Amino acid sequence: MRRARCWAVVLGLLVGLRAPGWARTLVVSPQGPFTTPAAALAAAQAGDTIEVQGGTYAGPLVVDKRVRLVGRDWPVLDGGGRGTVVKLTAAGIVFSGFVIRGSGASLDQENSGIAVEAPDVVVAHNRLADTLFGIYLRQAPGSVIRGNVIDGKALPVPRRGDAIRVWYSNGVHITGNTVRRGRDVVLWYSTALSVRDNVVQDGRYGLHFMYCDDARIEHNLLSGNSVGAFLMYSRRLHLHRNTIAHNRGPSGYGVGLKDMDDAVLAANLFLDNRVGAFVDNSPREVTSTTRFQDNVFAFNDTGVSLLPSVRRNFFSNNSFIDNGEHVQVAGGGQLRGNVWRGNFWSDYAGFDADGDGTGDLPYRAERLFEDLLDRYPSLRLFLGSPAAQAIDFAARAFPLVRPQPKLVDPAPRMAPALPQGLPALPRPRRWPLALSATGLLAAGALLALFTRWPPRVPAPAAPPSGSDPMLAVKALTVRYGSLRAVAQVSFEVRAGEAVALWGPNGAGKTTVLRCLLGLLPYQGEVRVAGLDPRRQGKAARRHVGFVPQELHFHDDLSVQETLQLYARLKKAVPDAALLQRLGLAACLPQRVGELSGGMKQRLALAVALLADPPLLLLDEPTANLDAAARQDFLRLVAALRASGKTLIFSSHRQEEVLALADRVLVLDKGRLVADAAPAALRQLPAWQVTLRLHLPGDRLEAARATLAAHGYAAHRNGRSLCVAVPPGDRGRPIALLLEAGIPVPDFDLEPGNHEEA
Amino acid sequence: MWNAMAVVLLLALLGAGCRSSVDPDAPPDIRYGEDACDQCRMLISEPRYAAAYVTRQGEVRRFDDIGDMLLYDAAHGEEVLRFWVHDYATAAWLPAAQAVFVYSRALSTPMAHGIVAFGDPQPARELAARVQGEILSFAELRRRAAAGHLKVEHGPAGSHTHR
């Protein structure tokens, strides 16, 4: 009897505690053996796998055992518009591969697609549609939400539920999900969360954190929401390498920080939001800080907005690029106790004489109009208008009304630093070039008829009429402290001319170009198509396309996205024929980071030509190109010149000047030393170069005689022979010597004519 | 140029000086989905949780959560003519002094304060029983807020406290 009881116990243990290897797979399909997931669940034991094959199954489903539920061929679980569709209430469940749809619509009851109420559950690779809340974790620590696609119910935003909600669930991983048209992604009362590689679009709050310490938010795309991420009441949150773009709701923060302590925001891209980052009472505690480093704030209405009471925010190595207002003091007042150092400011007007990459003068944000704007936000209507420029002009002219600087960056960067490897922006939805490159031209007419975007395209700026010059510069002078970078330079350029600014590095070429764009303060007078770029900057710049020496594109955007971005800013539509001509039509889907230097330069040219300006400024356009790419680019520019564009370009390459320019303005130490046709400059000492030939000592005289016989006046200089050569003729003396049997073991080319000097 | 400056400055003065008069006996306007909460700066989206008060100077403060109004009131101490809340059942405005409040951590309100208001005590009692909540008057809630007792604790493993 006792033995029989023993065997019964052993058998019971074997049945109740099966080894993992004994786990079964139960198959659910419309044909059986199980026809519903619930029936399979009733028969399953912990550790079993339930494979649900394609078909539609009625919800709700409550999973209360530790099983793996795996969908094959996208089985549908349909809640029929009532309650929550799937509840997972046992630890360690894996739930993947299903289509979940049709939850109820009760906000009070928080009807959800998938509700998780147990730890260590994995919800992966499901598709949720027409559910009020998407995936809802309550007291589910250690769970994983991975690779799901969640589309919210088609309801007004206040009546939607949250696409993902995490509630009292520490250590949750949310990775690689795509969320569209939810209300928020809510993460509350949960520590050590990881949020990576997700896309959240077209909702209210892309992410809403409250009471979530030690979270890491990395490599997400938060785009087209009312607010990208609102981060509140948490500590030690790290926001790294995210793309936060086009969040333009009524407040329109890319990121809002409220009562956050020791947050670190690094290497993020804040693009085209109303406000890139908003800082309210953060950090909250006197012993904590907030760090903004290596971020890019570009093309936002406001880059960063801070309440005047905030302290201990450190901004280092960020790039502020063409924001309507880089930094705003919300409500006006003075910022104190924050640190700004080593940031790039696109409106910085200083210089870098020692070439160490850091400006030699501090950057000061002290525009009077911005000061007024911070106090009276309704004045934003006038931002960029002649009235706003008049106010800033008055402040410069009459220092009595000059505002206190909002901030001073003592060591501004001269070039922006763009973080790499960020999430790419979404494909545009109303982009006229979404058609394939080959169809561009054929589709052009149809697109012109049907496209709704952009809504308003200003007409291309017309060249000046009659005998007015396209550009007139009188007594232009620029000082950097005690250094006079440009001194009393005057010239005119007529429509259709191609004019080169030529001179060695430091001659003042780039400074002159920046004055023409109205980017630098100067003395004297500049008129672009009759307009003053300082007082009528916007109108003047409509006439100008600019190709800078250093290109500042975002490597992760495609060519198409880049053009879309700039087209939106310029309220222009790209010309498909132009893209074809520039050789860009075929590489529209390509990432900018994958382009060669030559193709990037073509992209810069396309951007400059977006609004079809009559005047093109190019700053050393081929400085970073190899010989072949240089020739290709010059051919494109020559074609533009032939089409009637007015060109002004700076260069220190003589062959470029000879190939493109009708006139050359020779600059030397900021002064205009010659204004003539290229041919007339051949005799100018600064125009020539000296060829220094290192020859065997016993052949020096013979070499000098050989060169003299061909009209070259060579002179000895130690063990070498120097001869002045004009551009285009630099190799001929060497060829003559070799023909005469005189070896040329080595040579140097040096600027200027040493003999004349 | 000076004309332009004069126009801008005039508009600035007008913008600063114009303030519509507010009737404290009428519920204030909230543009849902557009107005931001004066306490947390988030958009006010859901009427039944929204609250507001009118100051003696005729200014309106708007909130997305009754708890945020209480915290703001406690922190700023403005002279308030009337506090307004919404009936949780009907989403109608009602003066806070005439409302009955249910306070429970189980109530999921926009800023997690767990406070909702009712004009009729009966549904308030039913909800309180369901969510194990307290029935409180507005005066008691203000007293708790002023004493720093109205707070949201951090989660089970956390330490952050929102006062």
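Residues numbered from 1 in each chain as written. Chains lettered and ligands numbered in written order. Predicted model: local features only at pLDDT ≥ 70, side-chain atom pairs only at ≥ 80, totals over all residues.

A. Examining the overall build of chain B more closely. Scanning chain B for helices and strands turns up 4 helices and 9 strands. Element order for chain B, N to C, with α for helix and β for strand: α-β-β-α-β-β-β-β-α-β-α-β-β. When burial is assessed residue by residue, chain B has 41% of its 163 residues classed as buried. At a minimum sequence separation of 6, the contacts of chain B that also span at least 24 residues come to 56%. (Helix = DSSP H or I, 4+ residues; strand = E, 2+ residues; numbered from the N terminus. Buried ≥ 20, exposed ≤ 12 C-beta atoms within 10 Å, placed from the backbone. Contact = placed C-beta atoms within 7 Å.)

B. View of the packing of helix α10 (residues 597-608) of chain A against helix α11 (residues 627-642) of chain A. All names here are of chain A. At a minimum axis separation of 9 Å, α10 and α11 run at an interaxial angle of 20°. Judged on the interaxial angle alone, α11 and α10 are roughly parallel. Considering the relative orientation of α10 and α11, their crossing is right-handed. Taking contact as the criterion, the partners of G597, G598, Q601, R602 and L605 in α10 are, on α11, A629, D632, F633 and L636. A class-by-class count of the residues in the contact of α10 with α11 yields 4 nonpolar, 3 polar and 2 charged. (Axes fitted to C-alpha atoms, helices over the stretch in contact; angles between N-to-C directions. Parallel < 35°, antiparallel > 145°, perpendicular 65-115°, else oblique. Left-handed = near helix turned anticlockwise from the far one by under 90°. Nonpolar A, V, L, I, M, F, W, Y, C, P; charged D, E, K, R; others polar.)

C. Spatial organisation of the packing of helix α13 (residues 700-709) of chain A against helix α14 (residues 732-739) of chain A. Residue and element names in this part refer to chain A. Between α13 and α14, the least distance of the axes is 10 Å, while the angle of their chain directions is 115°. For the pair α13 and α14, the crossing hand works out as right-handed. In this structure, α13 contributes A703, T706 and L707 to the contact, and α14 contributes P733, L736 and L737. Looking at side-chain class alone, the contact of α13 with α14 contains 5 nonpolar, 1 polar and no charged residues.

D. Region of interest: the sheet that holds strand β44 (residues 498-502) of chain A. All names here are of chain A. On the basis of which strands lie adjacent, the open sheet formed by 6 strands has the order β46-β47-β48-β44-β49-β50 and mixed pairing. The open sheet terminates on both sides in strands that have one partner only, identified here as β46 (544-547) and β50 (671-676). Taken over all neighbouring pairs, the strand axes of this sheet differ in orientation by 15° on average, direction set aside. The sheet contact formed by β46 and strand β47 (residues 615-619) spans 4 bridges and is parallel. The partner of V547 across the bridge, within β47, is L618. (Pairing = 2+ DSSP bridges.)

E. Region of interest: the nonpolar core. Of all hydrophobic cores here, the largest spans 150 residues; its most connected members are V116, L207 and L231 of chain A together with F101 of chain B. Dropping the residues within four chain positions of it, L231 of chain A is found in contact with F209, L237, V255, G256, L257, M260 and A263 of chain A. Of all hydrophobic cores here, the second largest spans 70 residues; its members include A485, L605, A606 and I648 of chain A. (Core = buried A, V, L, I, M, F, W, Y, C linked by C-beta atoms within 7 Å.)

F. Structural view of the pairing of strand β37 (residues 325-329) of chain A. Residue and element names in this part refer to chain A. Most of β37 sits inside the fold, with 5 of its 5 residues counted as buried. Pairing of strand β34 (residues 302-306) with β37, which is carried by 4 bridges, proceeds in the parallel orientation. Directly across from S305, in β37, lies its bridge partner Q328.

G. Examining unusual backbone geometry more closely. Residues and elements named next belong to chain A. Between G32 and P33 the backbone carries a cis peptide bond, its omega angle lying at 10°. Of note, P33 is situated in the loop between β1 (25-28) and α2 (37-43). Positive phi is not limited to glycine here, since Y168 has a value of about 50°. Along the chain, Y168 turns up in the loop between β16 (164-167) and β17 (173-175). Y168 gets classed as partly exposed once you count the C-beta atoms within 10 Å, which come to 17. For N281, which is not a glycine, the phi torsion comes out positive at approximately 50°. Structurally, N281 is set in the loop between β31 (275-280) and β32 (290-293). Residue class for N281 comes out partly exposed when judged on the 15 C-beta atoms lying within 10 Å of it.

H. Just the confidence of the model for chain A, in detail. Residues and elements named next belong to chain A. In this model, chain A carries an average pLDDT of 83, and 84% of its residues clear a pLDDT of 70 or more. In the model, residues 8-19 has pLDDT below 50 throughout and makes 1 contact with residues more than four positions away in sequence or in other chains. For the stretch residues 429-458, pLDDT sits under 50, and the model shows 34 contacts to residues farther than four places along the chain or on other chains. (pLDDT = per-residue confidence, 0-100.)

I. Seen up close, the pairing of strand β3 (residues 80-86) of chain B. Residues and elements named next belong to chain B. Of the pairings in the sheet, the one linking strand β1 (residues 51-55) to β3 comprises 5 bridges and is antiparallel in character. Residue pairing across strands places T55 opposite V80, the latter belonging to β3. As paired strands, β3 and strand β4 (residues 93-95) are joined by 3 bridges and run antiparallel to one another. Residue pairing across strands places W84 opposite P95, the latter belonging to β4.

J. View of the sheet that holds β1 of chain B. Residues and elements named next belong to chain B. The strand order β2-β1-β3-β4 describes an open sheet built from 4 strands, whose pairing is antiparallel. Edge positions in the open sheet fall to β2 (60-63) and β4, since each of these has one partner strand only. Ignoring strand direction, the axes of neighbouring strands in this sheet form an average angle of 25°.

K. Expanded view of helix α8 (residues 559-570) of chain A. Residues and elements named next belong to chain A. In a regular helix each residue adds 1.5 Å, so 12 residues correspond to 16 Å; α8 covers 16 Å between its end C-alpha atoms and thus fits that length. The element α8 is largely enclosed, with a buried count of 10 among its 12 residues. Residues of α8 that are buried: V559, Q560, E561, T562, L563, Q564, L565, Y566, A567 and K570. Tucked inside the fold, the buried residues of α8 contact α10. Looking one or two residues past α8, K571 carries a phi angle of roughly 50°, positive in sign. (Expected span 1.5 Å × (residues − 1).)

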